[in-house]
Amino acid sequence: MQRWRGLEEIPADWGRCVLTIGVFDGVHRGHQQLITRAVKSAKERGIPSVLMTFDPHPMEVVRPGNHPAQLTTLARRAELAEELGVDVFCVMPFTPEFMKLTPERYAHEILVERLHVAEVVVGENFTFGKKAAGTVDMLRTIGERFGFAVDGQTLLAEHAVTFSSTYIRSCVDAGDVAAAADALGRPHRVEGVVVHGDGRGRDLGFPTANVAPPMHSAIPADGVYAAWFTVLGPGPSLGTVTPGERYGAAVSVGTNPTFSGRTRTVEAFVLDHEADLYGQHVAVDFVERLRGMEKFDSIEALISAMHGDADRARDILARIVDDPA
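Going along each chain's sequence as written, the residues are numbered from 1 onward. Local features in this predicted model are restricted to residues whose pLDDT is 70 or higher, and side-chain atom pairs enter the listing and the counts only when it is 80 or higher, whereas totals over whole chains, interfaces and linings include all residues. With hydrogens and water excluded, all non-hydrogen atoms of the structure serve as input to the side-chain values.

**With respect to the pattern of salt bridges**
Definition used for salt bridges: Asp or Glu carboxyl oxygen within 4 Å of a side-chain nitrogen of Lys or Arg. Scanning the model with the defined rule gives 15 salt bridges in all. A salt bridge links R5 to D55; the shortest N-O distance between them is 3.0 Å. Here D55 lies in strand 3 (residues 49–55) and R5 lies in strand 1 (residues 2–5), a separation of 50 residues in the sequence. Here's how the labels work: a residue is buried when its accessible area is under 20% of the maximum for its type, exposed when over 50%, partly exposed in between, all with a 1.4 Å probe on protein chains only. Overall, the relative accessible area of 27% leaves D55 in the partly exposed class. Between R314 and D272 there is a salt bridge, with the nearest N and O atoms lying 2.9 Å from each other. Pair noted here: R314 is in helix 10 (residues 299–322) and D272 is in the loop between strand 13 (265–270) and strand 14 (281–291), with a separation of 42 residues, a long-range link. Judged by relative accessible area, R314 falls into the partly exposed class, the value being 29%. If you follow the salt bridges from partner to partner, you end up with D272, D311 and R314 in one network. A helix here means a DSSP run of H or I that spans at least four residues, while a strand means a run of E at least two residues long, and both kinds are numbered starting from the N terminus.

**Brief notes about the layout of surface pockets**
Cavities and pockets are found on a 1 Å grid laid over the protein atoms alone: a cavity is a set of points where a 1.4 Å probe fits but cannot escape, a pocket is an open set with protein on both sides within 12 Å along at least five of seven lines, and a lining residue has an atom within 4 Å of such a point. Grid points are joined across faces, edges and corners, and a volume is the space filled by probe spheres set on the points. Reported here for the largest pocket is a volume of approximately 1000 Å³. Surrounding the largest pocket, 40 residues form its lining, G22, V23, N125, F126 and T127 being those nearest its centre. Contributing elements (two or more residues each) for the lining of the largest pocket: helix 1 (29–45), helix 2 (58–62), helix 4 (96–99), strand 5 (117–123) and helix 7 (165–174). For the lining of the largest pocket, the element with the highest residue contribution is helix 1, accounting for 4 residues. For the lining of the largest pocket, a count of residues per class yields 19 nonpolar, 16 polar and 5 charged. Residue classes follow a fixed rule: Ala, Val, Leu, Ile, Met, Phe, Trp, Tyr, Cys and Pro count as nonpolar, while Asp, Glu, Lys and Arg count as charged, and any other residue, Gly among them, counts as polar.

**Observations concerning the environment of D182**
Considering the arrangement of structural elements, one finds D182 in helix 8 (residues 177–184). When the C-alpha positions of D182 and V194 are compared, they lie 28 Å apart, and in sequence the two are 12 residues distant. Filtering out sequence-adjacent residues up to four positions away, D182 remains in contact with R29, E158 and F163. The contact rule is simple, with two residues in contact once any of their heavy atoms fall within 4.5 Å.

**What to know about helix 7**
Quick reminder: α-helices carry 3.6 residues per turn. Residues three or four places apart thus point the same way. Listed as buried for helix 7 are S165, I168, R169, C171 and V172. Each buried residue of helix 7 sits inside an arc of 160° when the element is viewed along its axis, so together they form one side. In helix 7, the exposed positions angled more than 90 degrees off the buried face are occupied by T166, D173 and A174. Residues of helix 7 that are buried in the fold lie against helix 1, helix 8 and strand 9 (188–195). Phi turns positive one or two residues past the end of helix 7, at G175, with a value near 85°. Think of it as the arc spanned by the lines of direction from the helix axis to the C-beta atoms.

**Regarding empty space enclosed by the protein**
One pass over the full model with this rule turns up 3 cavities of 30 Å³ or more. Computed from the structure, the second largest cavity encloses a volume of approximately 90 Å³. Taken together, Q70, L71, T72, T73, R76, H188, R189, V190, E191, P214, S217 and A218 make up the full set of residues lining the second largest cavity. Here the lining of the second largest cavity is built from residues that sort into 4 nonpolar, 5 polar and 3 charged.

**Considerations on the pairing of strand 11 (residues 223–231)**
The side chains of a regular strand alternate, residue by residue, between the two faces of the sheet. Burial within strand 11 is extensive, with 9 of its 9 residues counted as buried. Two strands make a pair as long as DSSP finds a minimum of two bridges between them. Sheet topology note: the strand 11/strand 12 (residues 246–254) ladder contains 8 bridges and is antiparallel. Counted as the bridge partner of T230 is R246 from strand 12. Sheet analysis places strand 11 next to strand 14, joined by 8 bridges and oriented antiparallel. Pairing of F229 across the sheet is with V284, part of strand 14.

Everything listed here is a matter of geometry and, on its own, says nothing about what the molecule does.
Next comes the structure, spelled out in C-alpha cells:
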C-alpha cells in the first residue's frame, strides 16, 4: 500500500482511481463497509483504490480545543486500511485554508484535477467543503458534469444502533468495551509507550506496564478490564514476552484511589509472563470490563481483589481463544 501525505505526493503519471473519503476514526464496521465497497469497485474497474483521511481531526481546526477522543492513531488507521485491501492511504493536512474550500472547488481541484476519480464511495450523510455545505446529492451533480460516479452507501446499523465513531466513543467512555468491540469488529485499542510509574504494583506482586497513550486517546472509564497486550514492532524477546505476540492482561484504568492517587493511568499486568517493558511501544486491546474502580480499606483487600481480577481475566480470555466466534 502506498502512503501519501498531501496531494504533492501524487505521482506525475497518476491515472484514474476509486476514492473513499472520511476521517475513518476507528475504522469501525460501518467504515469497513465503505472501504470494502470502494476496493471492490476499484478491482472491477482495474484501477487503484484510494482512501483519503485527514490530520489533524477536522474538529480541531473548525473548533479548536474540541478534538474528539481518538479511537485509532493515524498509523493504526493505515494498517487497518491495508488489511482491507486499499491501494493508497492519502492523508490530507486539514488546514484553515483547506477548510475554506467551497464544495465546488473541493471537488474540482482535489477529486477531478489531482486524483482523477472515476468513482467516489461515501456514506449517505457525507458532507464536504466550506461549512460542510457539500452533500452527496451535490457531489452527484458535480460528478455528472465531470464524469465520475458517486456511490452514497446507507449507514450500517444493527439492533436500531447506527455504527458511528460517536457511538463507539460513548461506549468506551462508559466502560462498555464489549459494545465498542461489537461496533468496531475488534476490541478497542489503546496504544502508548511504557513509562516508569511509582512501582507500587511490583511491590504488591503485580508488576504493571504503565502505558502513556498519545494526546486525545479514547481511554475507557475507570475500572479493571480483561485485555490483550502486545509489544508492537519487531525486536528481540523481552523476558518471556515476544514483540508481535499477544498476551492476556488485567488492566487497571484510573487514579489508584486506595493510595489517594490523582493522576489517571492505564496499567497493564501481563498474565503469567515477565519482562522489562520500559520504553516499548505497546497496544492494549480491551475485551471486557471486570469491575469499577474501588477504594479498599487495606492493602490485603486490594491484593485479594487483584488476584480475583487476574483469575477472571484469564478465564474470559481463555474462552475467547477456545471459542473465537
